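# Summary of the model geometry
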Amino acid sequence: MGLARVKYRWLIALLIILVIVFGWPRKLLRPPTNGDSQPAKEEIQPSAEEASSAASTEEASTEPTDTVPVAPVALLPPPEPLMRFQLPTANDALFKNSPADFFMFVDRYTPQGPVQVWEGGGYGFVRNPRDTPQGTVFTKFHEGVDIAPVQRDAKGEPQDSVHAIADGMVAYATTSPRTSNYGHYVVLRHTIGKAGDFYSLYAHLSGIDVVPGTPIQRGGLIGRMGHTGDGIDRRRSHVHLELGLILSERFEEYYGKNYKLANGHGLFHGTNLAGLDVVSFLTANHQDPMLMPDAFLQREEVYYKITVPNRGREIEIAASHPWMRQGGAADVAWEISFTRSGVPVAVVPSAQAAAFPVVSWVKPFAGYHSWNTRSMLGGSGSTATLTTAGSHFVQLVAGDF
Ligand SMILES: [Zn+2]
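Values in this document were obtained by computation on a predicted structure and should not be read as measured data.

The subject of this paragraph is the overall build of the protein chain. A count of helices and strands for the protein chain gives 10 helices and 21 strands. Put simply, the protein chain has 401 residues, and 34% of those count as buried. Summarising the internal contacts of the protein chain: among those between residues at least 6 apart in sequence, 56% fall at separations of at least 24.

Here you go:
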């Protein structure tokens, strides 16, 4: 065997290794084309990026495939959430299984004397307990979360700075804290792709460092924790945080028709902000950063549904949050689903004609529905009616005023 022939074998072996490792050059496989013809078969396979996005939106697909991914999956960048969230202060006890250090307590007066209850700083029906045949019912609703300070000066003044929980725009900052029990407060707008606009609210601040109309990044400084607003003292200093939806862009018109006092806060009056369960959302988002508020709300329990007449237009909040608009073409009425705290989560067309808003479904409950619905509904069991407050609330959501 001559030396030249050995070299030739090595060259072939090297070429085979190169083909195995890097693949055959595609151009050599492609049949000759005349420009407009159909692309060769492997070119209509999804690219690595498309394959990855298809995998993330169709996780349940188990269809067998005989195609081989063109790039190793490990090389793909991890999918990015539409928006990242964080806690607004340095207090992260919520994520460390230490709720008593995270929530600011409320004072509760019992026959045995006053006690401090940290649960009262949570979201939802956490205040004013009352004993009923159905067990203890908390009749007072708290629309956000009260986060305790981690730093105080010698006088007991909180020193914590308060930061944006996500990227957004400064939508509102109060200049007249006396007209609201929020005290000094700031509202940020977060535009979350197809989820639509969500708003975060930071209340009881001692000072504000942002100007409306300016962008802010997640973690950006908003102001300092304080104890401005009604029913709060230095001892109970905290930031009250809400995350939710603006119910109507026509709020000022609605307010003018329903209230005698002037509204000093425009769209950002508390009545126009429907706060979701911000504690559960931030906890769930901490576990799964891909979870956005729209998906979170879609898995919340529906407590009641209201059928309202169709006034010839889509319901505003569903038009601006298309994930909420379900079902087919418009009909004579709309059926709006609410959580027990009154956050709208679905709007579907209804063939059930309604001259005025009616309760079309309520989750059966042996006690009074008013306890569970912030007094929006009266009645008990599987029947309920809208109270006066409930009727006004539904008018605002339906834009029918
Ligand atoms: Zn609060």
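Resuming the write-up.
Let us now look at the pairing of strand β12 (residues 239-246). Among the 8 residues that make up β12, 8 are buried, leaving the element largely enclosed by the rest of the structure. Bridge count between strand β9 (residues 197-208) and β12: 5 bridges; the pairing is antiparallel. What sits directly across from Leu201, in β12, is Glu242. Of the strand pairs in this sheet, β12 and strand β13 (residues 273-275) are connected by 3 bridges, and their pairing is antiparallel. Looking at β13, one finds that Ile246 is bridged to Leu273.

Moving on, we get to the sheet that holds strand β14 (residues 304-309). Pairing between sheet strands relies on hydrogen bonds along the backbone, with the strands arranged either parallel or antiparallel. Pairing within the open sheet is antiparallel, and its 4 strands lie in the order β16-β15-β14-β17. Only two strands of the sheet have a single partner each, and these edge strands are β16 (344-350) and β17 (358-362). With direction set aside, neighbouring strand axes in the sheet form an average angle of 25°. Across the face of the sheet, helix α10 (residues 388-398) comes into contact with β14, β15 (333-338) and β16 while running at roughly 65° to β14.

Moving on, we come to unusual backbone geometry. Although it is not a glycine, Asn128 adopts a positive phi angle of roughly 50°. In this fold, Asn128 is placed in strand β3 (residues 124-132). With 13 C-beta atoms counted inside 10 Å, the residue Asn128 sits in the partly exposed group.

Counting residues in each nonpolar core, the largest one holds 80 residues, and the members touching the most others are Val186, Val187, Tyr202, Val278 and Ile336. In terms of residues, this core owes the most to one element, β9, which gives 7 residues. If we skip the residues at most four places from it in the chain, Val186 touches Val170, Tyr172, Ala173, Tyr202, Leu205, Ile208, Val210, Ile222 and Gly223.

Attention now moves to the pairing of strand β1 (residues 106-110). With 5 bridges joining them, β1 and strand β2 (residues 113-117) adopt antiparallel strand pairing. Within the sheet, the bridge partner assigned to Tyr109 lies in β2 and is Pro114. Count of turn residues in the β1/β2 antiparallel hairpin: 2 residues.

What follows is about the environment of Gln116. You can see Gln116 is positioned in strand β2. Given 13 C-beta atoms within 10 Å, Gln116 falls into the partly exposed group. Along the primary structure Gln116 and Phe105 are separated by 11 residues, whereas in three dimensions their C-alpha atoms are 5.7 Å apart. Apart from the residues within four sequence positions on either side, Gln116 is in contact with Phe105 and Asp107.

What follows covers the confidence of the model for the protein chain. On average, the protein chain scores 86 in pLDDT, and the residues at 70 or more come to 81%. Low pLDDT, under 50, characterises residues 25-64; the predicted model gives this stretch 15 contacts beyond four residues in sequence or across chains.

This next bit is on the environment of Gly219. Of note, Gly219 is situated in the loop between β10 (215-216) and β11 (221-225). According to the C-beta neighbour criterion, Gly219 is partly exposed, with 13 such atoms within 10 Å. Along the sequence, Gly219 and Ala164 sit 55 residues apart, while their C-alpha atoms lie 4.9 Å from each other.

Taken residue by residue, helix α5 (residues 251-258) has Phe251, Tyr254 and Tyr255 as its buried positions. Viewed end-on, α5 has its buried residues packed into an arc of 100°, placing them on one side of the element. Within α5, the exposed residues directed more than 90 degrees away from the buried face are Glu253, Gly256 and Lys257. Where α5 is buried, its residues touch α10.

This part takes up α10. Those residues of α10 that sit buried are Gly390, Phe393, Val394, Leu396, Val397 and Ala398. Two residues or fewer past α10, Gly399 is found with a positive phi of approximately 70°.

So, on to the environment of Tyr182. Among the structural elements, Tyr182 can be located in the loop between β7 (168-173) and β8 (184-191). Taking the number of C-beta atoms within 10 Å as the measure of exposure, Tyr182 has 25 and is therefore buried. In this view, Tyr182 contacts Ala203, His204, Gly229, His240 and Gly270; residues no more than four positions away in its chain are not counted.

Cut-offs applied
- Residues numbered from 1 in each chain as written.
- Predicted model: local features only at pLDDT ≥ 70, side-chain atom pairs only at ≥ 80, totals over all residues.
- Helix = DSSP H or I, 4+ residues; strand = E, 2+ residues; numbered from the N terminus.
- Buried ≥ 20, exposed ≤ 12 C-beta atoms within 10 Å, placed from the backbone.
- Contact = placed C-beta atoms within 7 Å.
- Pairing = 2+ DSSP bridges.
- Axes fitted to C-alpha atoms, helices over the stretch in contact; angles between N-to-C directions.
- Core = buried A, V, L, I, M, F, W, Y, C linked by C-beta atoms within 7 Å.
- pLDDT = per-residue confidence, 0-100.
- Arc of directions from axis to C-beta.

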